[in-house]
Amino acid sequence: MIETVGIIGAGTMGNGIAQISAAAGLQVVMVDISDAAVSRGVATISGSLDRLVKKEKMTAADRDAVLGRINATTDKSKLSSCDLVIEAATENEELKIKILKDLCANLQPRALVATNTSSISVTRLAAATDRPDRFIGMHFFNPVPVMQLLELIRGLQTSDDTHAKALAFAQRIGKVAVTAKNSPGFAVNRILCPMINEAVFALQEGIASAEEIDAGMKLGCNHPIGPLALADMIGLDTMLSVMEVFYTGFNDPKYRPAPLLKEMVDAGHLGRKTGQGFYSYAKA
(Lines give C-alpha, C1' and ligand atoms only; values in the text may rest on other atoms or scores of the structure.)
Protein backbone atom coordinates (compact mmCIF):
# COMPACT_ATOMS: atom_id res chain seq x y z
CA MET A 1 0.00 0.00 0.00
CA ILE A 2 1.37 3.40 -1.01
CA GLU A 3 0.73 6.03 1.67
CA THR A 4 3.80 8.28 1.44
CA VAL A 5 5.09 9.56 -1.90
CA GLY A 6 8.45 11.16 -2.53
CA ILE A 7 8.96 13.49 -5.47
CA ILE A 8 12.36 14.58 -6.75
CA GLY A 9 11.99 17.95 -8.41
CA ALA A 10 9.74 20.85 -7.39
CA GLY A 11 9.34 22.25 -10.91
CA THR A 12 6.25 22.24 -13.11
CA MET A 13 5.79 18.47 -13.17
CA GLY A 14 7.05 17.77 -9.65
CA ASN A 15 4.86 20.29 -7.86
CA GLY A 16 1.85 19.15 -9.91
CA ILE A 17 2.41 15.53 -8.86
CA ALA A 18 2.87 16.67 -5.26
CA GLN A 19 -0.40 18.61 -5.35
CA ILE A 20 -2.57 15.78 -6.67
CA SER A 21 -0.94 13.23 -4.36
CA ALA A 22 -1.54 15.37 -1.28
CA ALA A 23 -5.09 16.15 -2.46
CA ALA A 24 -5.70 12.38 -2.59
CA GLY A 25 -4.80 12.12 1.10
CA LEU A 26 -1.23 10.88 0.68
CA GLN A 27 1.73 12.21 2.64
CA VAL A 28 4.24 13.87 0.29
CA VAL A 29 7.96 14.59 0.52
CA MET A 30 8.98 17.00 -2.28
CA VAL A 31 12.74 17.38 -2.67
CA ASP A 32 14.80 19.80 -4.74
CA ILE A 33 18.41 20.96 -4.67
CA SER A 34 17.88 24.52 -3.39
CA ASP A 35 15.65 26.34 -0.94
CA ALA A 36 14.64 28.72 -3.73
CA ALA A 37 13.43 25.87 -5.96
CA VAL A 38 11.53 24.31 -3.08
CA SER A 39 9.90 27.65 -2.22
CA ARG A 40 8.84 28.22 -5.84
CA GLY A 41 7.28 24.76 -5.94
CA VAL A 42 5.30 25.32 -2.76
CA ALA A 43 4.18 28.78 -3.97
CA THR A 44 2.91 27.25 -7.22
CA ILE A 45 0.92 24.61 -5.34
CA SER A 46 -0.49 27.21 -2.95
CA GLY A 47 -1.55 29.44 -5.85
CA SER A 48 -3.19 26.53 -7.64
CA LEU A 49 -5.14 25.56 -4.53
CA ASP A 50 -6.14 29.18 -3.90
CA ARG A 51 -7.72 29.30 -7.36
CA LEU A 52 -9.71 26.16 -6.54
CA VAL A 53 -10.95 27.81 -3.34
CA LYS A 54 -11.99 30.95 -5.25
CA LYS A 55 -13.89 28.78 -7.74
CA GLU A 56 -15.56 27.03 -4.77
CA LYS A 57 -14.13 23.66 -5.87
CA MET A 58 -12.32 23.32 -2.55
CA THR A 59 -12.77 24.73 0.94
CA ALA A 60 -10.10 26.79 2.67
CA ALA A 61 -9.83 24.05 5.31
CA ASP A 62 -9.21 21.39 2.63
CA ARG A 63 -6.58 23.62 1.01
CA ASP A 64 -4.76 23.96 4.33
CA ALA A 65 -4.97 20.19 4.87
CA VAL A 66 -3.44 19.50 1.45
CA LEU A 67 -0.57 21.92 2.10
CA GLY A 68 -0.10 20.33 5.52
CA ARG A 69 0.53 16.94 3.92
CA ILE A 70 3.44 18.28 1.82
CA ASN A 71 6.90 18.28 3.38
CA ALA A 72 9.03 20.37 0.98
CA THR A 73 12.74 20.06 1.66
CA THR A 74 16.29 19.91 0.32
CA ASP A 75 17.08 16.96 2.61
CA LYS A 76 17.15 13.72 0.56
CA SER A 77 17.25 11.61 3.73
CA LYS A 78 13.55 12.50 4.28
CA LEU A 79 12.76 10.13 1.39
CA SER A 80 13.46 7.20 3.72
CA SER A 81 9.81 7.24 4.84
CA CYS A 82 8.43 6.89 1.29
CA ASP A 83 6.67 3.89 -0.22
CA LEU A 84 7.07 5.32 -3.72
CA VAL A 85 9.53 7.91 -5.05
CA ILE A 86 8.90 9.61 -8.39
CA GLU A 87 11.83 11.24 -10.15
CA ALA A 88 10.55 14.36 -11.94
CA ALA A 89 13.79 16.13 -12.80
CA THR A 90 14.66 17.80 -16.12
CA GLU A 91 14.45 15.54 -19.19
CA ASN A 92 18.18 14.81 -19.31
CA GLU A 93 19.34 11.19 -19.24
CA GLU A 94 22.71 11.83 -17.60
CA LEU A 95 21.08 13.88 -14.84
CA LYS A 96 18.34 11.32 -14.23
CA ILE A 97 20.83 8.45 -13.99
CA LYS A 98 22.94 10.39 -11.47
CA ILE A 99 19.83 11.17 -9.37
CA LEU A 100 18.66 7.56 -9.45
CA LYS A 101 22.06 6.16 -8.51
CA ASP A 102 22.27 8.50 -5.52
CA LEU A 103 18.64 8.00 -4.54
CA CYS A 104 18.50 4.34 -3.61
CA ALA A 105 20.83 4.64 -0.61
CA ASN A 106 18.16 6.84 1.03
CA LEU A 107 15.25 4.44 0.46
CA GLN A 108 13.78 1.56 2.39
CA PRO A 109 14.33 -1.76 0.55
CA ARG A 110 10.65 -2.25 -0.36
CA ALA A 111 10.14 1.24 -1.82
CA LEU A 112 9.11 1.57 -5.46
CA VAL A 113 10.85 4.02 -7.77
CA ALA A 114 9.31 5.72 -10.82
CA THR A 115 10.49 8.14 -13.45
CA ASN A 116 8.35 10.81 -15.08
CA THR A 117 10.35 10.64 -18.32
CA SER A 118 8.52 11.25 -21.59
CA SER A 119 11.22 9.87 -23.88
CA ILE A 120 14.14 8.15 -22.12
CA SER A 121 14.32 4.34 -21.95
CA VAL A 122 12.75 3.11 -18.71
CA THR A 123 14.80 -0.09 -18.96
CA ARG A 124 18.02 1.93 -19.13
CA LEU A 125 17.04 4.16 -16.18
CA ALA A 126 15.98 1.12 -14.13
CA ALA A 127 19.45 -0.38 -14.59
CA ALA A 128 20.90 2.61 -12.73
CA THR A 129 19.06 1.56 -9.55
CA ASP A 130 19.43 -1.31 -7.09
CA ARG A 131 15.79 -2.36 -7.69
CA PRO A 132 15.04 -2.63 -11.44
CA ASP A 133 12.12 -4.97 -10.70
CA ARG A 134 10.53 -2.24 -8.54
CA PHE A 135 11.05 0.50 -11.13
CA ILE A 136 8.43 1.83 -13.57
CA GLY A 137 7.78 4.79 -15.84
CA MET A 138 4.99 7.16 -14.78
CA HIS A 139 4.50 9.69 -17.56
CA PHE A 140 2.26 12.48 -16.26
CA PHE A 141 0.90 15.11 -18.63
CA ASN A 142 1.09 18.88 -18.17
CA PRO A 143 -0.70 20.49 -16.36
CA VAL A 144 -0.70 17.55 -13.95
CA PRO A 145 -3.69 18.64 -11.80
CA VAL A 146 -5.87 18.97 -14.94
CA MET A 147 -4.82 16.21 -17.35
CA GLN A 148 -6.53 12.90 -16.61
CA LEU A 149 -4.02 10.52 -18.16
CA LEU A 150 -1.13 8.69 -16.53
CA GLU A 151 0.93 6.62 -18.93
CA LEU A 152 2.64 3.69 -17.20
CA ILE A 153 5.70 2.24 -18.91
CA ARG A 154 7.04 -1.18 -18.03
CA GLY A 155 10.77 -1.67 -18.41
CA LEU A 156 12.14 -5.09 -19.24
CA GLN A 157 12.70 -5.75 -15.53
CA THR A 158 9.45 -4.26 -14.10
CA SER A 159 7.61 -6.88 -12.03
CA ASP A 160 3.88 -7.59 -12.20
CA ASP A 161 3.58 -6.55 -8.55
CA THR A 162 5.17 -3.16 -9.27
CA HIS A 163 2.82 -2.61 -12.21
CA ALA A 164 -0.21 -3.57 -10.09
CA LYS A 165 0.82 -1.12 -7.36
CA ALA A 166 1.35 1.64 -9.94
CA LEU A 167 -2.15 1.02 -11.31
CA ALA A 168 -3.60 1.25 -7.79
CA PHE A 169 -1.66 4.49 -7.20
CA ALA A 170 -3.05 5.97 -10.43
CA GLN A 171 -6.58 5.18 -9.30
CA ARG A 172 -5.91 6.63 -5.84
CA ILE A 173 -4.81 10.00 -7.29
CA GLY A 174 -7.74 10.11 -9.72
CA LYS A 175 -5.87 9.37 -12.95
CA VAL A 176 -6.82 7.05 -15.78
CA ALA A 177 -3.84 4.79 -16.53
CA VAL A 178 -2.78 3.29 -19.84
CA THR A 179 0.17 0.92 -19.98
CA ALA A 180 2.80 1.04 -22.72
CA LYS A 181 5.89 -0.95 -23.57
CA ASN A 182 9.31 0.64 -23.28
CA SER A 183 9.68 1.97 -26.82
CA PRO A 184 10.66 5.44 -28.13
CA GLY A 185 7.80 7.83 -27.35
CA PHE A 186 5.88 5.09 -25.53
CA ALA A 187 2.24 5.17 -26.75
CA VAL A 188 0.99 8.76 -26.63
CA ASN A 189 4.01 10.65 -27.99
CA ARG A 190 4.61 7.89 -30.55
CA ILE A 191 1.30 8.95 -32.13
CA LEU A 192 1.21 12.64 -31.25
CA CYS A 193 4.68 13.82 -32.27
CA PRO A 194 4.73 12.36 -35.81
CA MET A 195 1.28 13.93 -36.33
CA ILE A 196 2.66 17.34 -35.32
CA ASN A 197 5.74 16.76 -37.49
CA GLU A 198 3.48 16.02 -40.47
CA ALA A 199 1.62 19.28 -39.84
CA VAL A 200 4.98 21.08 -40.06
CA PHE A 201 5.65 19.33 -43.38
CA ALA A 202 2.23 20.48 -44.64
CA LEU A 203 3.03 24.08 -43.65
CA GLN A 204 6.50 23.86 -45.18
CA GLU A 205 5.06 22.61 -48.49
CA GLY A 206 2.52 25.45 -48.59
CA ILE A 207 -0.46 23.10 -48.45
CA ALA A 208 -2.23 25.51 -46.07
CA SER A 209 -1.39 28.26 -43.62
CA ALA A 210 -0.70 27.55 -39.94
CA GLU A 211 -4.11 28.96 -39.03
CA GLU A 212 -5.85 26.81 -41.65
CA ILE A 213 -4.02 23.63 -40.66
CA ASP A 214 -4.94 24.15 -37.02
CA ALA A 215 -8.55 25.08 -37.82
CA GLY A 216 -8.83 21.96 -39.98
CA MET A 217 -7.68 19.67 -37.18
CA LYS A 218 -9.83 21.40 -34.56
CA LEU A 219 -13.04 21.55 -36.60
CA GLY A 220 -12.53 18.46 -38.75
CA CYS A 221 -11.00 16.09 -36.19
CA ASN A 222 -12.42 17.62 -33.00
CA HIS A 223 -8.98 18.31 -31.51
CA PRO A 224 -9.12 20.92 -28.72
CA ILE A 225 -5.97 22.62 -30.05
CA GLY A 226 -4.33 22.57 -33.47
CA PRO A 227 -1.03 20.67 -33.95
CA LEU A 228 1.07 23.76 -34.69
CA ALA A 229 -0.28 25.69 -31.71
CA LEU A 230 0.36 22.59 -29.61
CA ALA A 231 3.94 22.41 -30.90
CA ASP A 232 4.43 26.01 -29.77
CA MET A 233 3.11 25.05 -26.34
CA ILE A 234 5.35 21.97 -26.05
CA GLY A 235 8.40 23.83 -27.36
CA LEU A 236 9.82 23.32 -30.84
CA ASP A 237 13.20 22.30 -29.42
CA THR A 238 11.49 19.56 -27.41
CA MET A 239 9.54 18.47 -30.49
CA LEU A 240 12.74 18.27 -32.52
CA SER A 241 14.49 16.25 -29.80
CA VAL A 242 11.64 13.74 -29.68
CA MET A 243 11.59 13.32 -33.46
CA GLU A 244 15.36 12.81 -33.48
CA VAL A 245 14.96 10.10 -30.82
CA PHE A 246 12.37 8.40 -33.04
CA TYR A 247 14.49 8.77 -36.17
CA THR A 248 17.56 7.16 -34.58
CA GLY A 249 15.64 4.74 -32.34
CA PHE A 250 13.58 3.19 -35.14
CA ASN A 251 16.04 3.80 -38.00
CA ASP A 252 12.99 4.60 -40.14
CA PRO A 253 12.80 7.61 -42.52
CA LYS A 254 9.13 8.17 -41.76
CA TYR A 255 10.25 9.76 -38.48
CA ARG A 256 12.68 12.27 -40.01
CA PRO A 257 12.13 15.74 -38.51
CA ALA A 258 10.62 18.29 -40.88
CA PRO A 259 13.35 20.63 -42.20
CA LEU A 260 11.21 23.64 -41.24
CA LEU A 261 11.12 22.38 -37.63
CA LYS A 262 14.94 22.28 -37.61
CA GLU A 263 15.13 25.75 -39.11
CA MET A 264 12.73 27.21 -36.55
CA VAL A 265 14.87 25.79 -33.74
CA ASP A 266 18.05 27.13 -35.38
CA ALA A 267 16.41 30.57 -35.47
CA GLY A 268 15.57 30.37 -31.76
CA HIS A 269 11.84 30.39 -32.53
CA LEU A 270 10.89 27.77 -29.97
CA GLY A 271 7.24 28.67 -29.38
CA ARG A 272 5.54 30.24 -26.39
CA LYS A 273 8.63 30.25 -24.19
CA THR A 274 10.53 32.53 -26.60
CA GLY A 275 7.52 34.56 -27.77
CA GLN A 276 7.73 33.27 -31.33
CA GLY A 277 7.02 29.92 -32.94
CA PHE A 278 4.51 29.11 -35.64
CA TYR A 279 2.54 31.94 -34.02
CA SER A 280 3.69 35.16 -32.35
CA TYR A 281 3.26 35.51 -28.59
CA ALA A 282 4.89 38.92 -28.28
CA LYS A 283 3.30 41.06 -25.59
CA ALA A 284 1.70 44.24 -26.90
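In this text the structure is predicted, and so the values were computed from the model without any measurement.

Procedures and definitions
- Residues numbered from 1 in each chain as written.
- Predicted model: local features only at pLDDT ≥ 70, side-chain atom pairs only at ≥ 80, totals over all residues.
- Heavy atoms only, no water.
- UniProt positions renumbered as here; feature names shortened; annotations may be inferred.
- Helix = DSSP H or I, 4+ residues; strand = E, 2+ residues; numbered from the N terminus.
- 1 Å grid on protein atoms, 1.4 Å probe; cavity = no way out; pocket = protein on both sides within 12 Å on 5 of 7 lines; lining within 4 Å.
- Points joined across faces, edges and corners; volume = space filled by probe spheres on them.
- Nonpolar A, V, L, I, M, F, W, Y, C, P; charged D, E, K, R; others polar.
- Phe/Tyr/Trp six-rings, centres within 6.5 Å; stacked < 30°, edge-to-face > 60°.
- Axes fitted to C-alpha atoms, helices over the stretch in contact; angles between N-to-C directions.
- Parallel < 35°, antiparallel > 145°, perpendicular 65-115°, else oblique.
- Contact = heavy atoms within 4.5 Å.
- Buried < 20%, exposed > 50% of the residue type's maximum accessible area, 1.4 Å probe, protein only.
- Lys, Arg positive; Asp, Glu negative; His and termini not counted.
- Salt bridge = Lys/Arg side-chain N within 4 Å of Asp/Glu carboxyl O.
- Polar contact = N/O pair within 3.5 Å; in protein donor to acceptor, adjacent residues only side chain to side chain.

Visitor: Teacher, can you tell me more about the UniProt feature "domain: 3-hydroxyacyl-CoA dehydrogenase NAD binding" (unreviewed entry) in the chain here?
Guide: Under the present numbering, the feature "domain: 3-hydroxyacyl-CoA dehydrogenase NAD binding" (unreviewed entry) in UniProt falls on residues 4–182. Across residues 4–182 one finds 39% helix and 22% strand; the C-alpha atoms that close the span lie 26 Å apart.

Visitor: Even after reading the chapter, I still don't get the layout of surface pockets, so can you show me in this structure?
Guide: In this approach a probe as big as a water molecule rolls over the atoms, and the regions it shows empty are the leftover space. Looking at the second largest pocket, its volume works out to about 490 Å³. What lines the second largest pocket is a set of 24 residues, among which Gln19, Ser48, Val144, Pro145 and Val146 lie closest to the centre. Those elements that provide at least two residues to the lining of the second largest pocket are helix 1 (12–23) and helix 2 (35–54). Here the residues of the lining of the second largest pocket are counted per class, giving 11 nonpolar, nine polar and four charged.

Visitor: I would appreciate a short explanation of the packing of aromatic side chains in the present structure.
Guide: Ring pairs (aromatic) are described by centroid distance and by the angle formed between their planes. Counted under the stated rule, the structure contains three aromatic pairs. Ring centres of Phe246 and Phe250 lie 6.1 Å apart, and the angle between their planes is 65°; this geometry places the pair in the edge-to-face category. Of this pair, Phe246 and Phe250 both sit in helix 10 (residues 236–250), four residues apart, which is roughly one turn of that helix. Site record: aromatic cluster; members linked through ring pairs are Phe246, Phe250 and Tyr255.

Visitor: Where do I start with the UniProt feature "domain: 3-hydroxyacyl-CoA dehydrogenase C-terminal" (unreviewed entry) in the chain in this structure?
Guide: The UniProt record marks residues 185–281 with the feature "domain: 3-hydroxyacyl-CoA dehydrogenase C-terminal" (unreviewed entry), using the residue numbering of this structure. This span, residues 185–281, is 62% helix and 0% strand, and a straight line between its end C-alpha atoms measures 28 Å.

Visitor: Where do I start with the packing of helix 7 (residues 188–204) against helix 11 (residues 259–266) in this structure?
Guide: The axes of two packed helices give the description: the angle between them and the distance between them. At a minimum axis distance of 8 Å, the contact between helix 7 and helix 11 shows a crossing angle of 90°. In terms of their interaxial angle, helix 7 and helix 11 are classed as roughly perpendicular. Here Asn197, Val200, Phe201, Leu203 and Gln204 of helix 7 come into contact with helix 11, specifically with Pro259, Leu260 and Leu261. In terms of residue class, the contact of helix 7 with helix 11 is built from six nonpolar, two polar and no charged.

Visitor: Would you explain the side chain of Lys175 in this entry?
Guide: In this structure, Lys175 sits in the loop between helix 6 (160–172) and strand 8 (176–181). An unpaired buried charge is present at Lys175: no salt bridge exists, and Glu151, the closest side chain of opposite charge, is 13 Å distant. Within polar-contact distance, the side chain of Lys175 engages the backbone oxygen of Val144 at 2.5 Å. There is a polar contact of 2.5 Å between the side chain of Lys175 and the backbone oxygen of Met147. When sequence neighbours within four positions are dropped, the list of residues in contact with Lys175 reads Ile20, Val144, Pro145, Met147, Gln148, Leu149, Leu150 and Ala170.

Visitor: Would you mind showing me how to read unusual backbone geometry here?
Guide: With omega at 0°, the peptide bond leading from Asn142 into Pro143 counts as cis. Counting through the fold element by element, Pro143 comes out in the loop between strand 6 (135–140) and strand 7 (149–154). Its identity is not glycine, yet Glu56 carries a phi of approximately 60°, on the positive side. Relative to the helices and strands, Glu56 resides in the loop between helix 2 and helix 3 (60–68). At Phe186, a position not held by glycine, the phi torsion is positive, near 55°. Relative to the elements of secondary structure, Phe186 occurs in the loop between strand 8 and helix 7.

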